[in-house]
Amino acid sequence: DRYWRKKAIAGMPPQKEVLDVAIGTADLTLEMFRRHKAQKVVGIDLSEQMMAIGEKKLQRHGYSATFLTADAQAIPFADNRFDAVTCAYGCRNFINLHAGLSEMHRVLKSGGSLVILEFSYPTSPLIRWLYDLYFSRILPLVGKCISRDKDAYTYLNRSVKDFCYGEAFAQQLCETGFTDIHCEPLTWGITTIYRATKL
C-alpha cells in the first residue's frame with residue numbers, strides 16, 4: 001500500500017491547505033508532506049486512537065497536522081474551505097457514500113482537487129481467483145494468529161466485494177457534482193485512484 005499511496009500523491013498538484021478525510025494513522029498525510037504537496041493538512045476521523053498514532057508518526061518525521069474527531073458525512077467546516085480533499089481507504093466505511101462525497105464536494109474550493117484511494121475488485125478471472133483465495137482463506141488465518149481476531153480480517157474482503165468501484169464509483173462522484181473524473185486501477189485492479197475536480 002506504500003506504493004499505492006505514493007502513486008496517488010505523486011499525481012496531485014501542490015496545495016496550500018488539504019483536508020484528509022479518514023486520516024487514520026496519517027500515512028497519506030505523511031506522503032503529502034514528504035513530497036511537498038501540502039503546506040497544511042487538517043485530518044478528520046472517528047477513531048481517536050488511530051489519530052493519536054498518526055500524530056506521533058508525523059512528529060517523529062518533523063511534521064504536524066491538525067487532527068479533529070469528526071464524521072465524514074457531516075464535515076465541520078465551512079463551504080469552499082480547502083484547496084484539496086483526500087481520502088485513503090475510508091469511503092468503504094461510510095454509512096452513506098453519497099452523503100460523504102457530497103460533504104467533500106461542499107468543503108472543496110472551486111477548482112479544487114479530490115484524490116481518493118480505495119480498494120476495488122479485480123476484473124481478471126485469474127487475479128480475482130487469487131485475490132479471493134488470499135483474502136478469504138489465507139489472510140484471516142494469518143490475522144487470527146497475530147491478533148486472535150479472525151473477523152477483523154474477513155471484513156476487508158466482504159467490504160470490497162460489497163462496495164462500488166470503477167465506473168460505478170465514478171458515477172457516484174459525478175452525481176455529487178464532481179467533474180473531470182479519472183479512474184486509475186493499480187496492481188491488476190486491486191486498488192484504484194480516483195481523481196476529480198470541483199467546478
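Keep in mind the model is a prediction, meaning the values are calculated, not measured.

Asker: Explanation requested: the nonpolar core in the structure shown.
Answerer: When a protein is soluble and globular, its nonpolar side chains tend to lie buried together. Counting 31 residues, the largest nonpolar core has Trp 4, Met 32, Val 41, Leu 58, Phe 67 and Leu 117 as its most contacted members. Elements supplying a minimum of two residues to this core: helix 1 (2–10), helix 2 (27–34), strand 2 (38–45), helix 3 (48–60), strand 4 (82–88), strand 5 (108–119) and helix 5 (125–147). Broken down by element, this core gets its largest block of residues, four residues, from helix 2. Discounting residues that sit within four places of it in the chain, Met 32 has contacts with Ile 9, Met 12, Val 18, Asp 20, Lys 37, Ala 38, Val 41 and Thr 86. Formed by 26 residues, the second largest nonpolar core is a distinct cluster that contains Ala 70, Val 85, Phe 163 and Ala 196.

Asker: What should I look at first to understand the layout of surface pockets in this one?
Answerer: Each pocket or cavity is described by its volume, and for the largest pocket that value is around 690 Å³. Considering the residues around the largest pocket, the lining is formed by 30 residues, among which Ala 22, Asp 45, Tyr 89, Gly 90 and Asn 93 are closest to the centre. Of all the secondary-structure elements, those providing two or more residues to the lining of the largest pocket are strand 1 (15–21), helix 2, strand 2 and helix 6 (150–162). When grouped by side-chain class, the residues that make up the lining of the largest pocket number 17 nonpolar, six polar and seven charged. The space that makes up the second largest pocket amounts to roughly 220 Å³. Lining of the second largest pocket is provided by Asp 1, Arg 2, Arg 5, Lys 6, Asp 27, Leu 30, Glu 31, Arg 34, Lys 57 and His 61. Elements represented by at least two residues in the lining of the second largest pocket include exactly helix 1 and helix 2. With four residues, helix 2 is the largest single contributor of residues to the lining of the second largest pocket.

Asker: What exactly am I supposed to notice about the sheet that holds strand 5 here?
Answerer: Within a sheet, adjacent strands bond to each other through the backbone by hydrogen bonds, running parallel or antiparallel. One open sheet accounts for seven strands, arranged 3-2-1-4-5-7-6; its pairing is mixed. At either margin of the open sheet sits one strand with a lone partner, and together these are strand 3 (66–69) and strand 6 (178–186). Here the average twist between neighbouring strands, direction ignored, is 15°. Seen against the sheet, helix 4 (residues 97–107) touches strand 1, strand 4, strand 5, strand 6 and strand 7 (191–198) and runs at an angle of roughly 145° to strand 5.

Asker: What's the story with the pairing of strand 5 in this structure? I'm lost.
Answerer: Regular strands place side chains that alternate from one sheet face to the opposite one. Among the 12 residues that make up strand 5, nine are buried, leaving the element largely enclosed by the rest of the structure. Chirality of the crossover, the property in question, places the unit of strand 4, helix 4 and strand 5 among those that are right-handed. Of the pairings in the sheet, the one linking strand 5 to strand 7 comprises seven bridges and is antiparallel in character. Within the sheet, the bridge partner assigned to Glu 118 lies in strand 7 and is Thr 192.

Asker: Explain the state of the cysteines here, please?
Answerer: Throughout this description, disulfide means a covalent bond between two cysteine sulfur atoms. Summed over all chains, the structure comprises zero disulfides. In this structure Cys 164 is not part of a disulfide, and its nearest cysteine sulfur, from Cys 91, lies 8.8 Å away. Left without a disulfide partner, Cys 183 is nearest to the cysteine sulfur of Cys 164, which lies 10 Å away. On the basis of relative accessible area, Cys 183 is assigned to the partly exposed category, the value being 29%.

Asker: Can you help me understand unusual backbone geometry in this one?
Answerer: A negative phi holds for most residues other than glycine; trans holds for most peptide bonds. In this structure, His 36 is a non-glycine residue whose phi angle is positive, near 55°. Of note in this structure, Tyr 89 is not a glycine but carries a positive phi near 60°. Tracing the chain through its elements places Tyr 89 in the loop between strand 4 and helix 4.

The rules behind the values
- Here, residues in each chain are numbered from 1, in the same order as that chain's written sequence.
- Only residues with pLDDT of 70 or above have their local features reported here, since the model is predicted, and side-chain atom pairs are shown and tallied only from 80 upward, although totals for entire chains, interfaces and linings are computed over all residues.
- The side-chain figures draw on all heavy atoms in the structure; neither hydrogens nor water molecules are used.
- Put simply, a nonpolar core is a bunch of buried Ala, Val, Leu, Ile, Met, Phe, Trp, Tyr and Cys residues held in one set by side-chain atoms that sit within 4.5 Å of each other.
- Exposure is judged per residue with a 1.4 Å probe applied to protein chains only, and the accessible area is read against the type maximum: over 50% gives exposed, under 20% gives buried, and values in between give partly exposed.
- Helix and strand assignments come from DSSP, with helices taken as H or I runs of at least 4 residues and strands as E runs of at least 2, each series counted from the N terminus.
- Contact between two residues is taken to exist if any of their heavy atoms lie within 4.5 Å; hydrogens are not considered.
- Throughout, the protein atoms alone are placed on a 1 Å grid, and a set of points is a cavity if a 1.4 Å probe fits but cannot get out or a pocket if it is open with protein on both sides within 12 Å along at least five of seven lines; lining residues have an atom within 4 Å of a point.
- Grid points are joined across faces, edges and corners, and a volume is the space filled by probe spheres set on the points.
- In this classification, the charged set is Asp, Glu, Lys and Arg, the nonpolar set is Ala, Val, Leu, Ile, Met, Phe, Trp, Tyr, Cys and Pro, and all remaining amino acids, among them Gly, are polar.
- Two strands make a pair as long as DSSP finds a minimum of two bridges between them.
- Axes, fitted as lines to C-alpha atoms, cover a helix only where it is in contact. Angles between the N-to-C directions of the axes lie from 0 to 180 degrees.
- Handedness of a crossover is defined as follows: with both strands directed away from the viewer, a clockwise route from the first strand across the helix to the second makes it right-handed.
- Disulfide assignment relies on a single distance test, namely cysteine sulfur atoms paired within 2.5 Å.

Purely spatial values, then, with no claim about function.
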